[in-house]
Structure formats: structure tokens, C-alpha cells
Amino acid sequence: MAEMRRGRPCGVTYSSRSERLPRLCCCSFQYSKKLSVMGDAKMIKVGVVGYGTIGKRVADAVRKQSDMQLIGVTGNSYSFRMDAAHEKNISIFATEEGKAALEKNGVPVAGTFEQLLDHVDIIVDCTPKKVGKEHKEKYYLPRKLKAVFQGGEKPSIAQVSFTAQCNYNDAINKDYVRVVSCNTTGLNRTLDAVHRAFGVSAVHATMIRRGADPWDIRHGPMNAIVPVLEMPSHHGPDVMTVLKDVPVFTTAVSVSTSLMHVHNIIADLKTEATVQDVLHLFQKTTRVRIVTNDAWIRSTAEIMEYARDLGRDRGDMPEICIWKEGIGIVGHKLFYMQAIHQESNVIPENIDAIRAMMGFTDAKKSIEMTNKSFGMR
Ligand SMILES: NC(=O)c1ccc[n+]([C@@H]2O[C@H](COP(=O)([O-])OP(=O)(O)OC[C@H]3O[C@@H](n4cnc5c(N)ncnc54)[C@H](OP(=O)(O)O)[C@@H]3O)[C@@H](O)[C@H]2O)c1
């Protein structure tokens, strides 16, 4: 893996880098010892900035990869999340905003946000939208530090918008890559497969979006269906940052659920296909799972229960779930319905983005390695 390293601290062990770090003085944290960050020179050293819905999952996923080492995550305030990270022996690097609260609540801090940046080959920035852009300009660009951004950021933040099975090669050796949003990732995975197999001349799709993530007590709606009053919704144009030659027009509504999104998709095919053809295609498409009414999976609630029964971490379902009975063909129009677990489907994409950016050129192998670590195909 040594040839994968490019740019920053390749081949440098953390013990030697740590010795070069300045000791922090009393105006910052009260450190009496050097950073206890050690690294394995053969591993890709990863830092996660933002430890919320996406960041905490990326951190766990990095820890499962045989070629990656999680150096640490940032702490921006005190919460149960920081307690959990500490209990999992994850090193926490405090932002200016978070340091006092972390100290006050007894969370051990390994260093500052900027020290985390000094110890990694690549950052995965999982902060809320627009914060990633600030971080890029203020911290990552001056350090020439590679960074993966999330779908809340605008496409212009990165050289490539990314979904592994669609355009892994475009991200190889890039410095800034944006993993597209959960909805866009879902559309990309299945539309890319359909386009490669049958050709797609146009797509019309409606996103039925969850109102908030399950832990989130601030957002809604509680009792309403809220249309997105822009045409198209941002999802269609976002898909076209990856699937550049597929015209996609989307509309969206938010509904009173926290579990998953559902997409109703109509794709105009360029060649003839039967329902069986499409079913077989999706059955063999990576990171896509067929679910059936026969198995009593009639709703997003049952998909989530299925994920828990599979023993998935946090009850996650990173695959896009397509209902077998929801696939239909009328003339050249293909109809299908898919469910998206918004909290988890982009996590494998972040892992593949890291490998591609660090110079690992075998897309198939990377996807296989990542899939294995998630227990999916
Ligand atoms: N949630 C989803 O369903 C989903 C799906 C796909 C993609 N995304 C995208 O992923 C990104 C993150 O979303 P999320 O849902 O994971 O957000 P989140 O749950 O709100 O987590 C954001 C994290 O960033 C931290 N943070 C905020 N400002 C920071 C700063 N200046 N420096 C360091 N850390 C900071 C927050 O810490 P504090 O809370 O301590 O401030 C929190 O840990 C967004 O671009 C979003 O669009 C989200």
C-alpha cells in the first residue's frame, strides 16, 4: 500500500511527527505530555471532522478497514456522542468551540482540531452544510490536506462528485471529493445500472423524504406533507453531477417519518426490457437489495426491522432497497420504488472515496473490500 500514499505525511510514523509538535501551553489545553497519537506507516491515516449522524458512522467504518487507521474525530461540544466515542477508545480532538465543555465534562482530549489535521493523510469532513467549505479554505487548502466532503456542500467544493460504483476512477488521486447526498446516492446506484443495461433517455422521479433523522427532536414536519417548492428539486441536477448524460427531473416532498426516504422513479428506456430483466439487473447490482411483499417487507418500518435482524451496526441498511413488486414496465417506461436509509447509505461511499483519493486504482477491489466490512454485496 506504500505506493498509495501521495502528498502529505506518507511513510512518516506518528511517533516522529508527534515529537515535532509544539507542546501546548496554558493558554490552550493543559497538556503535560506529548500527543499520544501513534500511527502505522502502512495504513491510510484518517481523521473525521464532525461526529454527528454521518461522522460517527464513517469513523466506525474506517476502523473496520484493514488498510485504514482512524487517528481521531473532532469534538465540537459535549454530548452523549463524545461519551460514546471515548468509551470506544476513539481519540477526540477538540475544536475551539468544544474544548471547554469537553474538559468540564471530563472527556479526555487528545489534542486540538488543528493537531488532528497535522497527523492524518486525509480528512473526512462530516460537518453541517457550508462548514465544510469554510474548513477547506481555512485549514485544508493551506495544508494541502486531502478531504472528502458530504452532500450538503455544493458540488463546486470538490473536483469530483462521487458514487463509487458509478465513477470511482474519476476520484483516483484527487485532493477534494464530494460524496453526494443520500438521495442522490440512491438515485445514482440504480439509475447507473439501468442506464448501462438499457440506456435511459429521461428520468422523472419523486423523492418522499423523511422529515428528520430518528435522534433529531428539532426538525419536522410532525403532521404535514411539505412540498419542495422548486422545480426541479435539487436532487435531479445533483444526480447529473455524476451521471452526466442522464437527464433527471425530480420533485420532492417531506413527510412525518424519520426512518427512510422513498423514491418513485420513472425511467424512459432506450431499449426494450421486461420486468424480469430489470429484476435480474437489480439483483446483481452492488449495494442494491431486492425486498419483497412475500417476505412481509411492505414498508420502511419493516426494512429497518430487517436491518436490525441482520445484526447490522446501529440497525443500518446501507443498500438501496427496491421492492420487487414495485417494478413495472409500460412500453419503454420503467417504474420502480426504492427506499433509502439516509443515515447509512453514503458511508461505504466515503470509504471508497478515501481509497481512490489515496491512489488505490482498483475500483472493483475497493468496493469489494468495503462491502465485506459492511456485510453486504
Ligand atoms: N443526516 C443525513 O441523513 C445525511 C445523509 C447524507 C449526507 N448528509 C450530509 O452529511 C453532512 C453532515 O450531516 P449530519 O446529518 O451528519 O449532521 P449532524 O448530525 O448535525 O452532525 C454534524 C456534526 O458536525 C459537528 N460540527 C458542527 N460545526 C462544526 C465545526 N465548525 N467544526 C467541527 N465540527 C462541527 C457537529 O458537532 P456539534 O453538534 O457538537 O456542534 C456534529 O457532530 C451534511 O453535509 C449533510 O448534508 C447527511
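## Here's the deal with the site of the ligand
Among the 26 residues in the neighbourhood of the ligand, the closest are listed as Gly50, Gly52, Ser77, Gln150 and Gly152. The element that contributes the greatest number of residues to the shell around the ligand is helix H2 (residues 53-64), accounting for three residues. Classifying every residue of the shell around the ligand by side-chain character gives eight nonpolar, 14 polar and four charged.

## Let's talk about the pairing of strand E2 (residues 68-75)
Most of E2 is tucked away: seven of the eight residues are buried. Two strands pair when backbone bridges link them, and strand E1 (residues 44-49) and E2 are joined in this way by five bridges, in the parallel orientation. Residue pairing in the sheet places Val46 in a bridge with Leu70 of E2. Handedness of the crossover is the feature at issue here: the chain leaves E1, passes through H2, returns alongside E2, and the resulting connection is right-handed. Here E2 pairs with strand E3 (residues 92-94) via three bridges, running parallel. By the bridge assignment, Thr74 is partnered in E3 with Phe93.

## Looking at the sheet that holds strand E7 (residues 160-162)
Taken in spatial order, the eight strands line up as E4-E3-E2-E1-E5-E6-E8-E7 in an open sheet, and their pairing is parallel. Unpaired on one side and paired on the other, strand E4 (111-112) and E7 mark the two borders of the sheet. Of the strands in this sheet, E1, E2 and strand E5 (122-125) touch H2, which is tilted by about 155° from E2.

## Overview of unusual backbone geometry
For the bond running from Gly220 to Pro221, omega is 10°, close enough to zero to count as cis. Residue placement: Pro221 occurs in the loop between strand E9 (200-210) and strand E10 (226-227). A cis geometry characterises the amide bond from Met231 onward to Pro232, with omega recorded as -10°. If you check the backbone angles, Lys144 has positive phi at about 55° while not being a glycine. Here Arg287, not a glycine, exhibits a phi torsion of approximately 65°, which is positive. Inspection of the secondary structure puts Arg287 in the loop between helix H10 (275-283) and strand E13 (288-291). When the 24 C-beta atoms within 10 Å are taken as the criterion, Arg287 is described as buried.

## Describing helix H6 (residues 131-143)
Helical geometry note: an α-helix holds 3.6 residues per turn, so side chains three or four residues apart project in the same direction. Its 13 residues place the ends of H6 17 Å apart at the C-alpha level, agreeing with the 18 Å of an ideal helix rising 1.5 Å per residue. Glu137 marks where H6 bends most, by close to 40°. Of all the positions in H6, only Gly132, His135, Lys136 and Tyr140 are classed as buried. Packing partners of the buried residues in H6 comprise E1, E5, strand E6 (146-149) and strand E8 (176-179). At the exit of H6 stands Lys144, carrying a positive phi of roughly 55°.

## Details of the confidence of the model for the chain
Confidence in the prediction of the chain, expressed as mean pLDDT, is 91, and 89% of residues score 70 or more. Note that pLDDT drops below 50 for residues 1-36; the model gives that stretch 50 contacts with residues more than four away or on any other chain.

## A look at the nonpolar core
Val46, Ile92, Ile122 and Ile354 are the most contacted members of the largest nonpolar core, which totals 95 residues. It is helix H12 (residues 347-357) that contributes the most residues to this core, six residues altogether. In this structure, this core is formed jointly by two domains, domain 1 (2-180 + 346-374) and domain 2 (182-340), each of which donates at least three residues. When near neighbours in sequence (up to four residues on either side) are disregarded, Ile92 contacts Gly72, Val73, Gly75, Met82, Ala85, His86, Leu102, Val107, Val109 and Ala110.

Basis of the calculations
- Residues numbered from 1 in each chain as written.
- Predicted model: local features only at pLDDT ≥ 70, side-chain atom pairs only at ≥ 80, totals over all residues.
- Near = placed C-beta within 6 Å.
- Helix = DSSP H or I, 4+ residues; strand = E, 2+ residues; numbered from the N terminus.
- Nonpolar A, V, L, I, M, F, W, Y, C, P; charged D, E, K, R; others polar.
- Buried ≥ 20, exposed ≤ 12 C-beta atoms within 10 Å, placed from the backbone.
- Pairing = 2+ DSSP bridges.
- Right-handed = clockwise from strand over helix to strand, strands pointing away.
- Contact = placed C-beta atoms within 7 Å.
- Axes fitted to C-alpha atoms, helices over the stretch in contact; angles between N-to-C directions.
- Expected span 1.5 Å × (residues − 1).
- Bend = angle between axes of the 7 residues up to and from the residue.
- pLDDT = per-residue confidence, 0-100.
- Core = buried A, V, L, I, M, F, W, Y, C linked by C-beta atoms within 7 Å.
- Domains from an automatic or database assignment.

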